[in-house]
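Fold and contact review
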Amino acid sequence: MTGATRTSLQIATFGDLEAGVWGAAVNGSVRFIALGTPAASHSALEAATIDGLGEDEDWQLAADGVELLIVPRGQAVPATRPGGGASAGVKASVSGFDQLCNVSGTFVRDGAEHRVDCIGRRANRGDGLDLRRFESIRDVSAWFAPDDGLGLLALRPRGKAGHEDDLLTAAVFETGGSTPVGDPRLSTTYKADGRPARVSLELWLGEDEQSYPRRAAGEAVGPRARSASSDLDVQAELFRWHSRGIEGAGVYLLARSR
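The present account deals with the structure reproduced in this document. (Residues numbered from 1 in each chain as written. Predicted model: local features only at pLDDT ≥ 70, side-chain atom pairs only at ≥ 80, totals over all residues. Heavy atoms only, no water.)

Attention shifts here to the overall build of the chain. Check the secondary structure of the chain and you find zero helices and 22 strands. Sorting the 258 residues of the chain into buried and exposed places 53% on the buried side. For the chain, contacts bridging at least 24 residues in sequence account for 53% of all contacts bridging at least 6. Surface accessibility of the chain: about 11,000 Å² in total, with carbon and sulfur atoms responsible for 45%. (Helix = DSSP H or I, 4+ residues; strand = E, 2+ residues; numbered from the N terminus. Buried < 20%, exposed > 50% of the residue type's maximum accessible area, 1.4 Å probe, protein only. Contact = heavy atoms within 4.5 Å. Areas by Shrake-Rupley, 256 points an atom, 1.4 Å probe, with all protein chains shown as cover.)

Laid out in structure tokens, this is it:
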């Protein structure tokens, strides 16, 4: 990833399986927007802007033909994790928050206007996050109800190939209170072309013997959105999720240095 030494990273995702409308946007030193409809997907680098930063603020997502309002739903979960993996050797820290939200508005693609009114998730990471230290970003989100969802962000340091070196933060959103995850675990199965096909999450909520994981599994339902430049490849896709016998929607966002 390329970018300024001190910067922030904002991510917003939303989607509705029944309507087949979904989207993902990244704002920071890297800017990207992906939008999906039942018929096609669209993506572009250096296209999206997000106005707003705080957990109590409404955010405005804007791009060519896109006007979306992102309104917080419920409690924001602090996302703070010092350092990298045990062998990463990366003097990095991650701070910020994750939060479920409602996304509403319209976007125009292929001459047609599409209305959006669905659940989503937003994340803010900042306080000096140096994106140049990382060669990939994986952002995974899922929602099952307005107050029920999951979120995970994995940053992989440059020169590392294994997930054991990823810098991960994750959150569980649920009725009665939302919780940061002490030990998040992400497993992704890829197709031959590098496209994420299936995902499983194991999110451990505590550190004692009585702790338990929240598990979820998802599969891509396509079509995916993808954009590439000389030094960056970004793709996103709508996912169908399963957890505790409940079905939900979500988005898998993957950005890799080239």
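A full pass over the atoms with the stated rule returns three aromatic pairs. Judged by centre distance (6.2 Å) and plane angle (35°), the rings of F239 and W241 are tilted. Of the residues examined, F239 reaches a relative accessible area of 1% and is grouped as buried. Through successive ring pairs, a cluster of aromatic residues spans F239, W241 and Y252. Above the plane of the ring of F144 lies R244, whose end atom (NZ or CZ) is 5.6 Å from the centre. (Phe/Tyr/Trp six-rings, centres within 6.5 Å; stacked < 30°, edge-to-face > 60°. Lys NZ or Arg CZ within 6 Å of the ring centre and 35° of its normal.)

Before going further, it helps to examine the side chain of R109. Relative to the elements of secondary structure, R109 occurs in strand β11 (residues 96–109). Buried within the structure, R109 lacks any salt-bridge partner; its nearest side chain of opposite charge belongs to D64, at an N-O separation of 5.8 Å. At 3.1 Å, the side chain of R109 forms a polar contact with the backbone oxygen of D64. When neighbours within four sequence positions are excluded, R109 is seen to be in contact with L35, H42, D64, G65, V66 and H114. (Lys, Arg positive; Asp, Glu negative; His and termini not counted. Salt bridge = Lys/Arg side-chain N within 4 Å of Asp/Glu carboxyl O. Polar contact = N/O pair within 3.5 Å; in protein donor to acceptor, adjacent residues only side chain to side chain.)

With that settled, consider the nonpolar core. Residues W22, F32, A236 and L253 are the most contacted members of the largest nonpolar core, which totals 28 residues. Counting residues per element, the ones that place at least two in this core are β1 (7–16), β2 (21–27), β3 (32–36), β13 (134–145), β14 (148–157), β15 (167–173), β21 (232–243) and β22 (246–257). Not counting residues up to four positions away in its chain, the partners in contact with F32 are A24, A25, V26, S43, A44, L45, E46, A48, S227, V234, A236 and L253. In this structure, F14, W59, F97 and C118 belong to the second largest nonpolar core, which totals 21 residues. (Core = buried A, V, L, I, M, F, W, Y, C linked by side-chain atoms within 4.5 Å.)

Another point: unusual backbone geometry. Here G222 and P223 are connected by a cis peptide whose omega angle stands at -5°. Structurally, the position occupied by P223 is in the loop between β19 (213–220) and β20 (225–228). Residues other than glycine seldom take positive phi values, yet D110 does so here, at roughly 55°. Relative accessible area serves as the criterion here: at 67%, D110 is assigned to the exposed category. A positive phi is found at R244, a non-glycine position, where the angle reads about 55°. With respect to the helices, strands and loops of the structure, R244 is situated in the loop between β21 and β22. Judged by relative accessible area, R244 falls into the partly exposed class, the value being 44%.

So yeah, pure geometry; function would need other evidence.
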